[in-house]
Structures are given as structure tokens and as C-alpha cells.
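Below are the chains, spelled out letter by letter.
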Amino acid sequence: MASTIPNKSQMIDEPFLKRYSPITQNTDVSLIFPFIEVFQKASIEPLIGSLLYEHLLDGIYNSGLTTTEEELLSILRQAVVWGTTNLAMPFIAVQIRNKGVMRQGGENTESADLDMLRYLRHEAANMEELYLKRANEWLCKNGHLLPDYKNPECPISPRPAKWDSDIFLSDELNGFNGNVYDEDALFRRFRSYFN
């Protein structure tokens, strides 16, 4: 049985998008679909690597995924829903038309202001991050079950989880040992800054 996915390069289809997102049934998905592949290429492919990414897309389109792959895909699809919603939201609210940049409006409706749009995008980004984190945790536990997951020769290798911080703890820093630091030693070293 062939997939209902409209495009070989998309992990989700219209019913899935509308079921698991705040996007209403009467929304024109042609405004949203271009952002699906953009999000997948920007966030999903670097997380799982090109080889597994292409394998999953092929498996979705040809209905040939294993139970393990389906398990991972169920998490990734949620991330795609929320990431796509986050990316598409400003371009649904404001559209570029032949008359210029226009806000949507109509009978019995009122466009959201910029603060509301920021809030909604922030909430969508939180959900996106939640599912990407879950996918990363799933890969840490089960990645060994997917032969296409760890292949450094593919165009984009899987990226390990990185946490960005404004605080840099070098190996030379007193109290820092690998990925663990001794808070007391760290405080003693920088005590003069706190007094």
C-alpha cells in the first residue's frame, strides 16, 4: 500500500499535521507544506544523519519501515509538526502578495498582534525542542539497533547532543574534570569575583 505522504521528502501528511498541531481544518496547507522539508533538513537530518534520514523517507514512501524505525519516526513526526508550525506561523499571519506584504483578515476575525505571535511561536518551539530531545534520548538508548544511524561517511553525520552555554569550562580550569566539575573548587578559584 502506497503512503499518503504527498511528497517523497516529507515525513508527515496533511491529516497528521492537522491532528497533532493547533492548525485548524480549514487552513490552506499549501502555505505550510514548504516548511516541512525546510524543518526536516535543518533539524531532523543533522540529528539522525543523512543515511538514516534518507532511509526513513524511502521507508515512509514505500511502506517499508521496521518496528524500531516506526518507533523513532513517531517521535520525529511530532518534532516535525511543531517545528513546521513554528516556522510557518509568521508566513501564515503575514503573506507576501503581488500588492506587497499583507496581514490576513476577514469577516468576524481579528489578526493576532506581534506579541501573541511571539508567544505562540515560543510555545511551538518548546514542543519542538521537547520532541527533538526525546528523539535524541531514544537514539542514545536504541541507536545501535539502526545500522544507518552511525555512519561518518554520509554527507551529514549524526550530531551528538550539544548544550550551548555562555560559561566555558576548560580542562585547565581548577575543579573541572572531563564533563564533571567540582563546585567547591570552582567557587574557590573565582571567589574574588563574588566578594
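In what follows, the accompanying structure is described.

Time to look at the side chain of threonine 85. Tracing the sequence through the fold places threonine 85 in helix α4 (residues 67-93). In contact with threonine 85, other than residues within four places in its own chain, are Leu17, Ser21, Pro22 and Ile23.

Once that is clear, we can look at the environment of glycine 49. Secondary-structure assignment places glycine 49 in the loop between α2 (33-48) and α3 (50-61). A residue is classified by how much of its surface remains accessible, and glycine 49, at 0% relative accessible area, is buried. Taking C-alpha positions, glycine 49 is 7.7 Å from lysine 150, a pair spaced 101 residues apart along the chain.

The next thing to look at is the environment of lysine 8. In this structure, lysine 8 sits in the segment before α1 (14-19). For the pair formed by lysine 8 and glycine 59, sequence separation is 51 residues and the distance between their alpha carbons is 9.8 Å. Lysine 8 has contacts with Leu57 and Tyr61, leaving out every residue within four places of it along the chain.

For helix α5 (residues 114-142), which comprises 29 residues, the first-to-last C-alpha distance of 41 Å matches the rise-based estimate of 42 Å (1.5 Å per residue) to within 8%. Within α5, the full set of buried residues consists of Leu117, Ala124, Glu128, Tyr131, Leu132, Ala135, Asn136, Trp138, Leu139 and Asn142. Check the buried side of α5 and you find it contacts α2 and α4.

Okay, the side chain of glutamine 10 next. As for its placement among the helices and strands, glutamine 10 is situated in the segment before α1. Separated by 3.4 Å, the side chain of glutamine 10 and the backbone oxygen of phenylalanine 33 make a polar contact.

Right, let's get into a nonpolar patch on the surface. A surface patch of nonpolar side chains, amounting to about 290 Å² of accessible area, comprises Met116, Tyr119 and Leu120. Considering the arrangement of structural elements, one finds tyrosine 119 in helix α5.

Take the packing of α2 against α5 next. In contact at an axis separation of 10 Å, α2 and α5 are set at 25° when each is read in the N-to-C sense. Overall, the two elements α2 and α5 adopt an arrangement that is roughly parallel. As α2 packs across α5, the resulting crossing turns out to be right-handed. Residues Phe39, Ser43, Ile44, Leu47 and Ile48 of α2 touch α5, and the partners they reach there are Glu128, Leu132, Ala135, Asn136 and Leu139. By residue class, the composition of the contact of α2 with α5 is seven nonpolar, two polar and one charged.

Rules of the game
Residues numbered from 1 in each chain as written. Predicted model: local features only at pLDDT ≥ 70, side-chain atom pairs only at ≥ 80, totals over all residues. Heavy atoms only, no water. Helix = DSSP H or I, 4+ residues; strand = E, 2+ residues; numbered from the N terminus. Contact = heavy atoms within 4.5 Å. Buried < 20%, exposed > 50% of the residue type's maximum accessible area, 1.4 Å probe, protein only. Expected span 1.5 Å × (residues − 1). Polar contact = N/O pair within 3.5 Å; in protein donor to acceptor, adjacent residues only side chain to side chain. Patch = residues over 30% accessible without salt bridge, like charges linked within 9 Å, V, L, I, M, F, W, Y side chains within 5 Å. Areas by Shrake-Rupley, 256 points an atom, 1.4 Å probe, with all protein chains shown as cover. Salt bridge = Lys/Arg side-chain N within 4 Å of Asp/Glu carboxyl O. Axes fitted to C-alpha atoms, helices over the stretch in contact; angles between N-to-C directions. Parallel < 35°, antiparallel > 145°, perpendicular 65-115°, else oblique. Left-handed = near helix turned anticlockwise from the far one by under 90°. Nonpolar A, V, L, I, M, F, W, Y, C, P; charged D, E, K, R; others polar.

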